[in-house]
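In case you want the letters, here they are:
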Amino acid sequence: MGDDSEWMKLPIDQKCEHKVWKARLNGYEEALKLFQRITDEKSPEWGKFLGLIKKFVTDSNAVAQLKGLEAALTFIENAHVAGKTTGEVVSGVVTKVFNQPKARAKELGSDICLMYIEIEKAEVVQDELLKGLENKNPKIVVACIETLRRALSEFGSKIVPLKPVVKVLSKQFESREKAVREEAKLLAVEIYKWIRDALRPPLQNINSVQLKELEEEWVKLPSSPPKQTRFLRSQQDLKAKFEQQQAQGEQSDGEDEVETVAAVDPYELLEAVEILSKLPKDFYEKIEAKKWQERKEALEAVEVLSKNPKLESGDYGDLVRALKKVVGKDANVMLVTLAAKCLAGLAAGLRKKFGTYAGQVVPTILEKFKEKKPQVVQALQEAIDAIFLTTTLQNLSEDILAVMDNKNPSIKQQSSLFLARSFRHCTQATLPKSVLKPFCAALIKQVNDSAPEVRDAAFEALGTAMKVVGEKAVNPFLSDLDKLKLDKIKECADKVELPGGKKGAGGGSGGGGDKKPAAKAPVAEAPSKSSGPPRKTQSAASKPSAGPSKKGKPTSAAGGKSKKTADSKETPESELSPEVCEDLAAGVLPASCLQQLDSANWKERLASMEEFQRAVETMDKAVMPCQALVRMLAKKPGWKETNFQVMQMKLHIVALIAERGQFSKTSASVVLDGLVDKVGDVKCGGNAKEGLTAIGQACSLPWTAEQVVSMAFAQKNPKNQAETLNWLANAMKEFGFAGINVKGFINNVKTALGATNPAVRTAAITLLGVMYLYMGAPLRMFFEDEKPALLSQIDAEFEKMQGQSPPAPIRFTKKTAAAEEDGDEGEDQEEDGEGGHDIMDLLPRTDISDKITSELVSKIEDKNWKIRKEGLDETAAIISDAKFITANIGELPLALKGRLSDSNKILVQQTLTILQQLATAMGPGLKQHVKTLGIPVITVLGDSKLNLRTAAMATLQAWVEQTGMKDWLEGEDLSEELKRENPFLRQEVLGWLAEKLPSLRTVPGDLMLCVPQLYTCLEDRNGDVRKKAQDALPTFMMHLGYDKMVKAAGKLKPASKDQVVAMLEKARAVMPAKPAAPAKPGGGKSSAEPSRAASASRSQPACDDLDGKPEVKKVRGGAAAKKGAAGKKPAAKSLKDEEDKSGPIFILVPNAKEQRIKEEKQLKILKWNFITPRDEYVEQLKTQMSTCFAKWLQDELFHFDFQRHVKAIGVMIERLESESEATISCLDLILKWFTLRFFDTNTTVLMKVLEYLKLLFAMLNRENYHLTEYEANSFAPYLILKVGESKDVVRKDVRAILGMLCKVYPASKVFPFLMDGTKSKNSKQRAECLEELGCLIEGYGMNVCQPTPAKSLKEIAVHIGDRDTSVRNAALNTVVAVYNVCGDQVYKLIGNLSEKDMSMLEERIKRSAKKTPAAPAKQSATERSQREHPTNPNATFLRKPAQEDPNKLKIMYRTYRIQARQNAQLSESSHPSIPKEFQLDLDMIEMDQSRVCELPDLVQHKLDELLEPIMIPEPKMRSVSPHFDDLHNSTASTINFVISQVASGDINTSIQALAQIDEVLRQEDKAEVMSGHIDQFLIATFMQLRLIYSTHMADDRLDKKDIIKLYSCIIGNMLSLFSMEALAREASMGVLKDLMHGLITLMLDSRVEDIKDGQQLIRSVNLLVIRVLEKSDQTNMISALLVLLQDSLVTTAGPMFSELVMKCLWRMIRFLPETINSINLDRILLDVHNFMKVFPKEKLKQLKSDVPHRTLKTLLHTLCKLTGAKILDHLSMIENRNESELEAHLRRVVKHSGNLSGLKSDRGNEKSGLRTEDRMSKAKVSDILSEIFKKIGSKENTKEGLTELYEYKQKYSDADVEPFLKNTSQFFQSYVERGLRLIESEREGKARIQTSTVIPQHGVESSLSTNNEELKPAVYYERLKILRQRQGLENTSRQGVGGSEDEPQQRPPISSLLSSKPSVASSTDMLHSKLSQLKESRELYQQEHNSHSHSPTHAHTRSASPAANLDDLKKRLERIKSNRQ
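Residues numbered from 1 in each chain as written. Predicted model: local features only at pLDDT ≥ 70, side-chain atom pairs only at ≥ 80, totals over all residues. Heavy atoms only, no water.

**Quick word on the overall build of the protein chain**
Helices and strands together make up the secondary structure of the protein chain, namely 105 helices and 0 strands. In the protein chain, buried positions account for 56% of the 2021 residues. Here the contacts in the protein chain between residues at least 6 apart in sequence split such that 74% fall between residues at least 24 apart. Per element, the accessible surface of the protein chain, about 86,100 Å² overall, is 52% carbon and sulfur. (Helix = DSSP H or I, 4+ residues; strand = E, 2+ residues; numbered from the N terminus. Buried < 20%, exposed > 50% of the residue type's maximum accessible area, 1.4 Å probe, protein only. Contact = heavy atoms within 4.5 Å. Areas by Shrake-Rupley, 256 points an atom, 1.4 Å probe, with all protein chains shown as cover.)

Right, here's the structure in full:
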């Protein structure tokens, strides 16, 4: 038992893996208990067992295995993470449990499988079980089948998909094992319960005896369908419902179930058969044979094949054409019958895949219905019915309508019967009004046909339609039928039985409502409204057909779309006889009024009218007899009334009646004539128009308009005609365009255009202008054949309207309102959209099928390409002549399809052009050609030639415009295309889908078929394909849903699956919302017709608020196509984005953080601790954030596009100050999110993250906040990971942040994190952590060492033996730091070291001891601020510099982490422990003696020390820190701090900071301190400007005087700064852009003008802008202005803004002649190029103002003028130049001014300094220069190289050296510059400057570091000599120093773009005495910059020469010494 005790002590998870089975058994038992105890499904405990569960179930010991199975079952049931184990555990169960003899084990195994299904893993389980069926062990097979059966019976067929099971079922019946066969039988019975007869076809092939047995079993089954008895976790609501029913013992819901159960389609369960290859070889010859027997044989062969119930997809085109030919042309009816059967078989077997051929076959079959023989007719019916199921009614509508008025009654009858049968398969959705309307119109004609069979068929079709979509939808189309016929239709509707007992939408209004199973007889109950005038009685009785309860009002605005059927009243109001009218009128009007109506005295008539009006005004709407009243008004004298006052009253009363009563069209017809007659009347015209408008409101504008226009043009009065048209134009604007039937009055408008009276013509043109607003370009098509003069007038009117959007309607047809109350809104909307399509339907179309002859087709298919081309040319001509064509184009589609894959690319291109032409010409009819011709266009997208792909995409877009997307997405065609492994095709198609899908409301389910291909593309080799696939992912998900997509990903390989699921997660966050319903026409149907969509949205203004999209769609016709993708989405997005970003981004939830801390302590949530972040952490963080982050911000933070992260962090930076409290309340979440970002690989994000963190910690420090342990633990370890980043910039920032961290979190607690960091595998991280530890010890003493100094030091000392040098050094330095604090005690603390390590350490300590007296534990913070630079191994702790990158200057507050600790310890002053002679700041020393007491000692100390030869340090290559100069450290950090306060949210803080900076800027000798901080200062300034603009100005609590004061300070500062050119030039392009943006915004801020002194302020800003333009670096300035202009035009910032930017640009252009030599042309041209990319010439010209275009032209022209043809050499930075519009433009200008500039340059134009011989080729120049620079870089030839460079520059004074210098170190640049200067002074015979200026004072190696050569000690000696000379220790004369002072003016600087910071630091700093050197270089540098200003006097103001400076320094040193003594 001794062994037992050993494992008894182990934790549970280890017991479970123990090799002793008893231990495992015990482990499983305990695990089981543990699992039952854990209540939280997300508890971290579960995670420990994730990897063990498989071992639980596959234990080799049977006893232990049983217990393991129990434990596993409990785990799966309760653990949140269990799903991850599904695959491995189930496969373990199948192989290791199902073969066990114990029944209990098998049962548990089966339970485990079912439990996995319950936790939503059905698919994986099913896959594993099906794999198990292939196992050789029959026991396993039996158990698998049994488990499948249990799963099916408990979960039902929806959760356990049957298709894969049925596939393998028949195989199990063939098993040799009886047990397997029996089990298979039971499974078959179970499956039958669920899918009934659908199971028969797949089991047809099993043994007949078995089949018979099954049949017997099946018969016994109850007929009621089974129910799901066990539910998934996501179905808990169903479960509750089910349990409730069980409790009540009810079966009431049975009928509901029928629907769901019968849903399995047997077709789905079948295997597809491939038949094309099995066709007889000679089939195509035989089918053409002369003998009918041979043809019959061929057909019989096909018939047998086509009987297969499911066919493999393929190209059936030829076969279908052959069969079609037999049906259409064969004289033998038997063969026709056979061919029809074959077609029916193909259609049934191929289903949707046959849809492509439907359009070819249907017209032929319909024509063939002329056959009388019943068997032929029956076969044709079967064929056409089967074909109908493969396509949609909409696709066939044109063909059917074409034969509806055929002369042959049989054809008409059969077409109607076909329609009736087809309607039964439709639903309200698939039979929209747009499709139904033309059918109803055709059927109504047939209802009146002379042949009874035709009439009956028509009644049946109309009845069926009524049953399917409801009376309410059909009635508007039946208004012309009399009552008898209507009743007949209703009777038919009642007889109709829809398949599956689907409910009709309300034929019978009461009874039709129940769902009834198929078996029930049709509801016989008569509709409740079969008698009398319908509307009133029925309105409330039944919802499905309830319309508004007014008599005879159309139900919907949309109804108004058609002519006669414009309203949906059941029967028109009948005309009343005059007697009835009089009686009715007498009932409501005073008697006197009626008597005086026709009095001869006009005054009496007037009085009567007044009474009439009063009566109407007080009358109740419900009882007002409108028709009677208007007939009274029309009574003699009626409309012939001569007195205008009476007439005016009369017209006004008509308007009143129409507005107040229930005014029908019958009443309208009584008065319209009279109103139209008076429209042109001067006095009564106004009232007449008012009346017309009121009637429009009552009877719908479309109807009224049509009546009014036709009446007006029936008269001859031109005044009336003109005024009618004017009224109509106005009415359209008021009512909107919905439903207007253009055809109705287009002819009258044409008449008007040709009228002799100019007023009529003008009115007509105005009306067309208004119509154009709504209809766009297609309107012009009606007038193509007008006279040119007239056409130009029309075009001028259209031009005026261009770009305007139609006004929102302000009037509505009354019944619209009612219809909406009826919830009819959606439908109306849809209708309007459809109405839009009418414009295309109105155009007269030509049928060109007769021109598409077989000769033409054979030409197109000819072998010779020239003949093929001829054929295509002819086709193009035919289409363009016809202009508009019908959908019937004969054999053309197939011929063109062949050309799309033509080997001659020119023909492919031509074919694409023809297809585009076809799209425009055919309009919506194009739909039926999508499959034949559209899909092949997609194939062309895979072509390798770009121009073809572009053409194909244009064609595709043109087609989609006409057809909508639905037809493209239906069927497998699109997914088949994506299967092609062609990167071009994939990226084009995915890009296209990503653009189109977001605008669709619904998509066909077939989109799902593309998902596997989409997943493949996500992992494609080609990056572009991957990118496009990622873009398309969210758009797919928006339609298919996340769950379906994840499910589809389940089928991928595990590695791919993880990747794809991660992408799906990201995509889920950015999934676009579906377009809102009302906007449907815009999104789905006709995104091509934006104008219509707009009208739809306009007829219902509410919808504009619902969703931004309709607004966007108001782009007008032609433009819309161009804007397509570009215009549509961004705008919509921006509207959505704007929603609520103004609110706070963090929400302050009290105690939320405490709650989170508590939850984590109680393990309710995952502890933030991971190697890499897993999904569950991200999800958890999302959930926690959702309560306290703004929704939009959270979406951005978890977006998969890193750009969005950057944007979000930008916002967080902006709001940091204003929302500091809330930020602190969410601090833990913010930090956690940032830790996730540390795992991203994107540097842009990382830099932004670090920028934010620095600001955040600075803010926390200001707020005196201290991090909680919870926050630090979840953040610090991840931050430390980044210390080891390979990029210097990142490491530097991270260390700065670590420094700041110590201010808000105890250093002693930061220490352990760093100790953990030293254990990393990354050597950089180890080194940095050790260095940081040294800093902590040095800064805070030994107390920081946790847990104890001894323990931590032992760990640190281990690293002295590290294999990486930097780690060894860092460890040594850290131990030395300890030595400095606690002396020799260090040896005790570090314990035993190896001999080698110990000797290294002693050596290092000895060296440092010489340098540094031991110091007490803490030294003052400023001291520490000096340790910036560990260059020499003796200096104990110096911070590493990082090469400064100009871009990173953006980062605000560049607080070094040293200064971070400064404030904490300023109070203590003590002895320095660091050599600081490099960093002397004498100003500070003089002010504060106490701090400086020991300095001189040190200096002397060091200098003597230097003479010891032994101490030559190992040479080190180090990057140079440009910041390293005398003013740097403490001053730099102070400046950083002050600048950081400039951007403060507190006005006073900001003003004080500005005042301090101003003081520095005003004193010229101090101003240079600011060098290197200019960008930073400017960023702070414009952040402050933004803050004032957006926050302070809007804040009423602030005194405006303060704001003005702050503005003045800012402007004052800027003026000082920009008066110093040297500083001004440091501003970089991006910063200047933002600064100018801020200043111009300020100039335009109207709020400032209103404040006292505001005007004065704006004048100062004006002055400042001019100063900035003059003094900044000209290149940067021009670039900045170009980018700013581009941004302002893109965002349409307002015309004033762009105008000011352009004024600035003009000013810059004016400076160009002076500045042309100093600007970097390449960069400016790159910016111009980018500008032209965004605004090509065409787009620029479209802008409202032409100034931007002119500005750009002027700029380029000036540049060309100044540089001539050389400008073309400056396009080097532009990629693919040939595509650039810029190059072409420049060439033109150069050519234009060619002779001119040529002459100039030959004469040697002084201005641009050109000489003839220096026009060298660019390539040659760059070769020469790169050679020279190579020499300078090599050690031996430095001197030679410099001399050559000098000579070269003398010869070519304008040579641009910049490109070669730009990538070198700062140090190298200044080295080259000094070298050139030296040579110059030599040449001019001046005294030699001391060698110090030649050899860079220190560290040539920085420029040679590329060669990695060792430096010899001699070099150090050489340098030492120089140092000694300089200190006066060596007696070389120093006379030449002063001489160099004014040389720089005579020579242009080496490059005006050299960075402004002289580089003067390198790794051998220990050798270099700062005292003279830095001042000198500063001096030189200053002079050099003065030389830019071209004013020699300027330089002389600097009195002190370097020599004088040196003396000055010495004096100051002496002073300090004496003070000290």
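From this point, things continue past the structure.
**Overview of the environment of Val770**
As for its position among the elements, Val770 is in helix H39 (residues 758-775). When its relative accessible area of 3% is taken as the criterion, Val770 is described as buried. Spatially, the C-alpha atoms of Val770 and Met801 are 7.9 Å apart, while their sequence positions differ by 31 residues. Beyond its immediate stretch of four places on either side in the chain, Val770 contacts Ala729, Met732, Lys733 and Met801.

**Here's the deal with the side chain of Arg1404**
Inspection of the secondary structure assignment puts Arg1404 in helix H76 (residues 1395-1411). Residue classification places Arg1404 among the buried positions, given a relative accessible area of 6%. A polar contact is formed between the side chain of Arg1404 and the side chain of Asn1373, at a distance of 2.7 Å. (Polar contact = N/O pair within 3.5 Å; in protein donor to acceptor, adjacent residues only side chain to side chain.)

**Digging into helix H7 (residues 86-97)**
Taken residue by residue, H7 has Thr86, Val89, Val90, Gly92, Val93, Val94 and Val97 as its buried positions. Considering only its buried residues, H7 is in contact with helix H5 (53-57), helix H6 (62-78), helix H8 (103-118), helix H9 (122-132) and helix H10 (138-155).

**Digging into the packing of helix H54 (residues 1042-1049) against helix H55 (residues 1054-1069)**
Interhelical geometry of H54 versus H55 gives an angle of 170 degrees and a closest axis separation of 10 Å. Here H55 runs roughly antiparallel to H54, going by the angle between their axes. Touching Tyr1042, Met1045, Val1046 and Ala1049 of H54 are Lys1057, Val1060, Val1061, Leu1064, Glu1065 and Arg1068, all from H55. Within the contact of H54 with H55, the residues separate by chemical class into 7 nonpolar, no polar and 3 charged. (Axes fitted to C-alpha atoms, helices over the stretch in contact; angles between N-to-C directions. Parallel < 35°, antiparallel > 145°, perpendicular 65-115°, else oblique. Nonpolar A, V, L, I, M, F, W, Y, C, P; charged D, E, K, R; others polar.)

**Side note on helix H34 (residues 665-679)**
For an α-helix, the turn length of 3.6 residues means that residues three or four places apart are oriented alike. If you check H34, its first and last C-alpha atoms are 19 Å apart, about what 15 residues at 1.5 Å a residue would give, namely 21 Å. The sharpest bend along H34 reaches about 40 degrees and sits at Val671. Among the 15 residues in H34, 12 count as buried, and that is most of the element. By the burial criterion, the buried members of H34 are Lys665, Thr666, Ser667, Ala668, Val670, Val671, Leu672, Gly674, Leu675, Val676, Lys678 and Val679. Those residues of H34 hidden inside the fold are in contact with helix H32 (626-634), helix H33 (644-660), helix H35 (685-699), helix H36 (701-714) and helix H37 (718-735). (Expected span 1.5 Å × (residues − 1). Bend = angle between axes of the 7 residues up to and from the residue.)

**Concerning the packing of aromatic side chains**
Under the criterion given, the structure shown has 29 aromatic pairs. Over the ring of Phe984 we find Arg949; its NZ or CZ atom is 3.8 Å from the centre of that ring. (Phe/Tyr/Trp six-rings, centres within 6.5 Å; stacked < 30°, edge-to-face > 60°. Lys NZ or Arg CZ within 6 Å of the ring centre and 35° of its normal.)

**Topic: unusual backbone geometry**
Cis peptide bonds are those with omega within 30 degrees of zero, and the linkage from Gln1346 to Pro1347 qualifies with -5 degrees. Examined against the element boundaries, Pro1347 turns out to sit in the loop between helix H72 (1323-1340) and helix H73 (1349-1358). The phi dihedral of Arg351 falls on the positive side, at around 50 degrees, and the residue is not glycine. Among the secondary structure elements, Arg351 is positioned in the loop between helix H19 (333-350) and helix H20 (355-368).

**Structural notes on the nonpolar core**
Ranked by internal contacts, the top residues of the largest apolar core, which has 101 residues, are Phe1189, Leu1193, Leu1253, Phe1257, Leu1260 and Leu1267. Ignoring sequence-local partners within four residues, the contact set of Leu1260 consists of Ile1224, Leu1227, Tyr1265, Leu1267 and Val1304. By size, the runner-up hydrophobic cluster in this structure holds 97 residues, among which are Met1614, Val1631, Ile1719 and Val1790. (Core = buried A, V, L, I, M, F, W, Y, C linked by side-chain atoms within 4.5 Å.)

**Structural notes on a positive patch on the surface**
Where like charges cluster on the molecular surface, the positive patch consists of Lys1737, Lys1741, Lys1753 and Arg1788. Secondary-structure assignment places Lys1737 in helix H93 (residues 1737-1742). By relative accessible area, Lys1737 is classed as partly exposed at 32%. (Patch = residues over 30% accessible without salt bridge, like charges linked within 9 Å, V, L, I, M, F, W, Y side chains within 5 Å. Salt bridge = Lys/Arg side-chain N within 4 Å of Asp/Glu carboxyl O. Lys, Arg positive; Asp, Glu negative; His and termini not counted. Charge placed at Lys NZ, Arg CZ, Asp CG, Glu CD.)

**Points about the environment of Asn1613**
If you trace the backbone, Asn1613 turns up in helix H85 (residues 1600-1617). Taking C-alpha positions, Asn1613 is 8.9 Å from Arg1562, a pair spaced 51 residues apart along the chain. Those residues in contact with Asn1613 that sit more than four places away from it in its chain are Leu1554, Ile1557, Asp1558, Leu1561 and Phe1577. Looking at Asn1613, its side chain comes within polar contact range of the main-chain oxygen of Leu1554, at 3.2 Å.

**Some points on the pattern of salt bridges**
Opposite charge on two side chains lets them pair, provided their charged atoms get close. Taken as a whole, this structure holds 80 salt bridges when the rule is applied. Residue Lys495 pairs with Glu491 through a salt bridge whose shortest N-O separation is 3.8 Å. Here Lys495 and its partner Glu491 are both found in helix H27 (residues 483-495), 4 residues apart, which amounts to about one turn of the helix. Each of the salt bridges in this network shares a partner with another, and the network as a whole consists of Asp111, Glu118, Arg150, Glu154, Arg230 and Arg233.

**With respect to the confidence of the model for the protein chain**
Of the residues in the protein chain, 77% reach a pLDDT of 70 or more, and the chain-wide mean stands at 76. Across residues 1489-1508, where pLDDT falls below 50, the model places 32 contacts with residues more than four positions away in sequence or in other chains. Below pLDDT 50 for its whole length, residues 1510-1528 participates in 64 contacts with residues either more than four positions away or in separate chains. (pLDDT = per-residue confidence, 0-100.)

**Examining the environment of Arg1068**
Inspection of the secondary structure puts Arg1068 in helix H55. With 33 residues separating them in the primary sequence, Arg1068 and Thr1035 have C-alpha atoms 9.7 Å apart. Sequence-distant contacts of Arg1068, that is, excluding residues within four places in its chain, are made with Met1037 and Tyr1042.

**Considerations on the packing of H34 against H35**
Packing of H34 against H35 leaves a shortest axis separation of 9 Å and a crossing angle of 155 degrees. In terms of axis orientation, H34 runs roughly antiparallel to H35. Like other packed secondary-structure pairs, H34 and H35 cross with a definite hand, here left-handed. Touching Lys665, Ala668, Val671, Leu672, Leu675, Lys678 and Val679 of H34 are Gly685, Ala688, Lys689, Gly691, Leu692, Ile695 and Cys699, all from H35. Among the residues forming the contact of H34 with H35, the class breakdown is 9 nonpolar, 2 polar and 3 charged. (Left-handed = near helix turned anticlockwise from the far one by under 90°.)

**Some remarks on the state of the cysteines**
For the coordinates displayed, the defined rule picks out 0 disulfides. Here Cys1188 is not cross-linked by a disulfide; its sulfur's nearest cysteine counterpart is in Cys1226, at 4.0 Å. Residue classification places Cys1188 among the buried residues on the basis of a relative accessible area of 2%. (Disulfide = S-S within 2.5 Å.)

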